[in-house]
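In case you want the letters, here they are:
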Amino acid sequence: LQLSGSSFEDRFNWVAGVYYFAESVSSNEVLGVYGDLYPVIGLDLSFTRNIWVDTKSYAAYGQGTFDLTNALSITAGLRYSDEKKTVARERLAHVTGGVLAPKGEKEAKFNALSPRFSLDYRWSEDVMTYASVARGFKSGGLNGDSFNDFTFTTFKPEFVWTYEVGLRSEFLDRRVQFNATAFYSDYTDIQFTVRRGDPDTGQSVALVENAGKAKRQGFEAEFVAMPAKGLVVSASLGHIDAEYTEVDPILPITTDTEFVKTPRWSVTLSGEYTILAGDVGDIKIHAD
């Protein structure tokens, strides 16, 4: 549910609302491990795993932009999120029907404040610069794929503070655009999948835990031009320097490990030409 409007002779534009999300998920998985050998060796390694997950999430948010002058604007926003997750699980021996992990249920609650602040300054109708800071989070949860209470654990939300400055500009009757952004992000309580030894069985189990901190910084630049009617060319350049600043010693990574799917450099080039074909329509030729 969202409400938006403007006040103070249109100098203050605002939006506010509430949010509700509910989800129920169930999983039934049968893992057969040499079931035909049970009559021979008497060891039932196959099992059936049942997991039930219920999630409810509530949030309230508001954001407003106030024009301090014709050129300078300030934006402030805040969202409060409240979540409850309930996980039930059981694990049964597939061949014998014995109970490997009796049905158990746990509940976890998470809440977070996500603020955002920014300043925008318009140097002219075609050039604007800005600076912003915002906090985001990734929800926590429960390790439902577990044998006992030792592995039926809760992990906390992951948080990030992101700081950004940027330029947005247009020239030559909006036929040329140039945008640039520099950013810095600080992550805490990063969620990793780690392996722990079960003290009862000695088995290695995979658990999600908050096991690290990291930072990421870089820039992006984008250029778009329309040098002739029907022709658009564009190029972009991006750079990211990301590193883990703290990791749990049990993780299979160190502070020297590179981020997954985080290229240090990225470059794009593209061009598109539109041919007007009368009643037939338009023909677009594109390459990138």
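Residues numbered from 1 in each chain as written. Predicted model: local features only at pLDDT ≥ 70, side-chain atom pairs only at ≥ 80, totals over all residues. Heavy atoms only, no water.

On a plain count of helices and strands, the chain comes out with one helix and 16 strands. Over its C-alpha trace the chain gives a radius of gyration of 27 Å, far above what one expects of a compact globule, namely 19 Å for 288 residues. Along the three orthogonal principal directions, the C-alpha set of the chain runs to about 80 × 50 × 45 Å. Of all 288 residues assigned to the chain, the portion counted as buried reaches 29%. A sequence separation of at least 24 residues applies to 58% of the contacts in the chain between residues at least 6 apart. For the chain, the accessible surface area stands at approximately 18,100 Å², while carbon and sulfur atoms represent 56% of it. Positive and negative side-chain charges in the chain, numbering 28 and 39 respectively, have mean positions lying 2 Å apart. (Helix = DSSP H or I, 4+ residues; strand = E, 2+ residues; numbered from the N terminus. Rg over C-alpha atoms; globule rule 2.2 N^0.38 Å. Buried < 20%, exposed > 50% of the residue type's maximum accessible area, 1.4 Å probe, protein only. Contact = heavy atoms within 4.5 Å. Areas by Shrake-Rupley, 256 points an atom, 1.4 Å probe, with all protein chains shown as cover. Lys, Arg positive; Asp, Glu negative; His and termini not counted. Charge placed at Lys NZ, Arg CZ, Asp CG, Glu CD.)

Right, let's get into the packing of aromatic side chains. The tally for this structure, following the rule as stated, stands at ten aromatic pairs. Ring centres of Y163 and Y184 lie 6.2 Å apart, and the angle between their planes is 35 degrees; this geometry places the pair in the tilted category. Placement of the pair is Y163 in strand 9 (residues 158–171) and Y184 in strand 10 (residues 176–188), with a sequence separation of 21 residues. Residue class for Y163 comes out partly exposed when judged on its relative accessible area of 38%. Looking at Y184, the relative accessible area reads 28%, which means it is partly exposed. Grouping aromatic residues by their ring pairs yields a cluster made of F8, F12 and F66. (Phe/Tyr/Trp six-rings, centres within 6.5 Å; stacked < 30°, edge-to-face > 60°.)

So, on to the pairing of strand 15 (residues 265–276). The sheet contact formed by strand 14 (residues 231–247) and strand 15 spans nine bridges and is antiparallel. Paired with G238 across the strands is S266, a residue of strand 15. Bridge count for strand 15 against strand 16 (residues 282–287) is six bridges, and the pairing is antiparallel. Residue pairing in the sheet places I275 in a bridge with I283 of strand 16. With antiparallel pairing between neighbouring strands as the criterion, strand 15 and strand 16 make up a hairpin whose turn holds five residues, including G278 at a positive phi of roughly 60 degrees. (Pairing = 2+ DSSP bridges.)

Let us now look at unusual backbone geometry. When glycine is set aside, most residues are seen to have a negative phi, and most peptide bonds are trans. Despite not being glycine, D10 shows a phi value in the positive range, around 65 degrees. Following the sequence through the fold, D10 ends up in the loop between strand 1 (2–7) and strand 2 (12–31). Judged by relative accessible area, which is 53%, D10 ranks as exposed. The phi torsion at K261 lies on the positive side, around 55 degrees, for a residue other than glycine. You can see K261 is positioned in the loop between strand 14 and strand 15.

A cluster of nonpolar side chains, namely F219, L237, W265, V267 and L269, defines an oily patch on the protein surface of about 510 Å² accessible area. In terms of residue count, the dominant contributor to the nonpolar patch is strand 15 (three residues). Among the structural elements, L237 can be located in strand 14. Taking relative accessible area as the criterion, L237 reaches 35% and is therefore assigned partly exposed. (Patch = residues over 30% accessible without salt bridge, like charges linked within 9 Å, V, L, I, M, F, W, Y side chains within 5 Å. Salt bridge = Lys/Arg side-chain N within 4 Å of Asp/Glu carboxyl O.)

Moving on, we get to the pairing of strand 3 (residues 47–67). The two faces of a sheet get side chains in turn, since along a regular strand they alternate between them. In this sheet, strand 3 lies alongside strand 2 in antiparallel orientation, the contact comprising 20 bridges. Counterpart to V18 in the pairing with strand 3 is A60. As defined by bridge partners, strand 3 adjoins strand 4 (residues 72–93) across 21 bridges and the pair is classed as antiparallel. Bridge pairing links T55 to K85 in strand 4. Once strand 3 ends, the chain turns through four residues before running back antiparallel as strand 4.

Glancing now at the environment of D173. Its location among the elements puts D173 in the loop between strand 9 and strand 10. On the accessibility criterion, D173 (76% relative accessible area) is exposed. When the C-alpha positions of D173 and D126 are compared, they lie 9.1 Å apart, and in sequence the two are 47 residues distant.

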